[in-house]
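Examination of the molecular architecture
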Amino acid sequence: MADNKPSAHQEDSQKLPSQAGASKRDGSGLSEDETVHVLRRNLQKTTQRIATAARAAGRDPEEITLLPVTKFHPVESISSLADLGVTDVAENRAQEAHDKAEKLPGMRFHMIGQVQTKKANAVARWASSVHSVDSRKLADALDRGIALAIEREQRTEGYALPVFLQYSADGDTSRGGIQDDALMQLADHVETLKNVTLAGVMVVPPLDSAAEPVFRHARMMCDSLAERVGRRLQLSAGMSADLEKAIAAGSDIVRVGTDIMGPRPVAF
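Nothing here was measured: the structure is a model prediction, and the numbers come from that model. (Residues numbered from 1 in each chain as written. Predicted model: local features only at pLDDT ≥ 70, side-chain atom pairs only at ≥ 80, totals over all residues. Heavy atoms only, no water.)

1. Describing the overall build of the protein chain
Counting its regular elements, the protein chain contains nine helices and eight strands. Relative to its 268 residues, the protein chain shows a buried fraction of 51%. Carbon and sulfur atoms provide 48% of the accessible area of the protein chain, an area that totals close to 12,600 Å². (Helix = DSSP H or I, 4+ residues; strand = E, 2+ residues; numbered from the N terminus. Buried < 20%, exposed > 50% of the residue type's maximum accessible area, 1.4 Å probe, protein only. Areas by Shrake-Rupley, 256 points an atom, 1.4 Å probe, with all protein chains shown as cover.)

Right under this line is the structure:
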């Protein structure tokens, strides 16, 4: 697996540490030691799922990047992920991600939720990539945001923000994303921008559709774009419930939330 592998490997049967001496608790109500144990176990299980799925598809597990989704989970839990060797996480809400990024400057935060154009300047300052670009307006706003961040020395000269174009299988604009022809046209436009770089395609299958055909079509679109721009592009597809299908279809990045982080905290 390419990135974000846990740095320690212990048996899943290991008992939870005693609460004694570990009184500090995060938003989940677990002690710090308990949180680390649970996250380590979940990372191990998810890593094994990815490896098994990759081998079943005739792929090298090292080709697959695991991107934990940490939305609604407290900074303390993300810090515990860092202690386990995780370097990159994904967030859905711009303000929440910004606040977490300020508190954890050593972690790379990737934006996978929809971005309002008016928030693009702010997102451009902290995001390590944006997986949900679906319009020229947003691409241009991110491009301007990076230019401004460079001017203010918040980004280094020559930096270009990796962006993924969000593919929509059903054309439902309320969920974000665009369909085939528009995706190609947007890719052509992104290629003309100085401060963003086309990294690939992201897809979330509609709730009422079979996931695998959607993943396979998104892979085809990604490969078509790669031929168009003359370099390899990545497919960001697959979550806790369907990562095996996504990997079989050719996903390079799987975005896993619940199976790593557990249920969302009641209050955050």
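Next comes the rest of the write-up.
2. Quick look at unusual backbone geometry
If you check the backbone angles, Phe72 has positive phi at about 75° while not being a glycine. Mapped onto the elements, Phe72 comes out in the loop between β1 (65–68) and α2 (75–83). The phi dihedral of Glu153 falls on the positive side, at around 65°, and the residue is not glycine. By the secondary structure assignment, Glu153 is in the loop between α5 (136–151) and β5 (161–167).

3. Here we look at the nonpolar core
Among the nonpolar cores identified, the biggest contains 70 residues, and Val123, Val130, Val133, Leu142 and Leu165 are the most heavily contacted of them. With nine residues, helix α7 (residues 211–229) is the largest single contributor of residues to this core. The residues contacting Val133, other than those within four sequence positions of it, are Leu138, Ala139, Leu142, Val163, Phe164, Leu165, Gln166 and Leu186. (Core = buried A, V, L, I, M, F, W, Y, C linked by side-chain atoms within 4.5 Å. Contact = heavy atoms within 4.5 Å.)

4. A closer look at the pattern of salt bridges
All told, the structure shown has 14 salt bridges when counted by the stated rule. The shortest N-O distance in the salt bridge between Glu91 and Lys100 comes to 2.8 Å. Neither residue differs from the other here; Glu91 and Lys100 are each classed as buried. Put simply, Asp188 and Arg228 hold a salt bridge, and the shortest N to O gap is 2.8 Å. Of this pair, Asp188 sits in helix α6 (residues 180–190) while Arg228 sits in helix α7, placing them 40 residues apart in sequence. Its relative accessible area of 34% is what places Asp188 among the partly exposed residues. Accessibility expressed as a relative area gives 47% for Arg228, which makes it partly exposed. (Salt bridge = Lys/Arg side-chain N within 4 Å of Asp/Glu carboxyl O.)

5. Considerations on the UniProt feature "modified residue: N6-(pyridoxal phosphate)lysine" (unreviewed entry) in the protein chain
UniProt's entry tags Lys71 with the feature "modified residue: N6-(pyridoxal phosphate)lysine" (unreviewed entry), counted in the numbering of this structure. Position of Lys71 among the secondary structure elements: in the loop between β1 and α2. What makes Lys71 partly exposed here is its relative accessible area of 22%. Setting aside residues no more than four positions away along its own chain, Lys71 makes contact with Ala90, Glu91, Asn92, Glu96, Lys100 and Arg264. (UniProt positions renumbered as here; feature names shortened; annotations may be inferred.)

6. Side note on the pairing of β5
One face of the sheet, then the other: side chains in a regular strand alternate in exactly this way. Along β5, six of the seven residues are buried, which leaves the element largely enclosed by surrounding structure. With two bridges connecting them, strand β4 (residues 127–133) and β5 associate as parallel partners. Across the sheet, Val130 pairs through a bridge with Val163, a residue of β5. Handedness of the crossover joining β4 and β5 through α5: right-handed. Across seven bridges, the pairing between β5 and strand β6 (residues 196–203) is parallel. The partner of Leu165 across the bridge, within β6, is Val201. Viewed along the sheet, the connection from β5 through α6 into β6 turns out right-handed. (Pairing = 2+ DSSP bridges. Right-handed = clockwise from strand over helix to strand, strands pointing away.)

7. A word on the packing of helix α1 (residues 32–56) against α2
Interaxial distance between α1 and α2 falls to 9 Å at its minimum, and their mutual angle equals 60°. Accordingly, the angle class assigned to the pair α1 and α2 is oblique. Crossing angle aside, the handedness with which α1 passes α2 is right-handed. Mapping the contact onto sequence places Thr35, Val36, Leu39 and Leu43 in α1 and Ser77, Ser80 and Leu81 in α2. Here the contact of α1 with α2 is composed, by residue class, of four nonpolar, three polar and no charged. (Axes fitted to C-alpha atoms, helices over the stretch in contact; angles between N-to-C directions. Parallel < 35°, antiparallel > 145°, perpendicular 65-115°, else oblique. Left-handed = near helix turned anticlockwise from the far one by under 90°. Nonpolar A, V, L, I, M, F, W, Y, C, P; charged D, E, K, R; others polar.)

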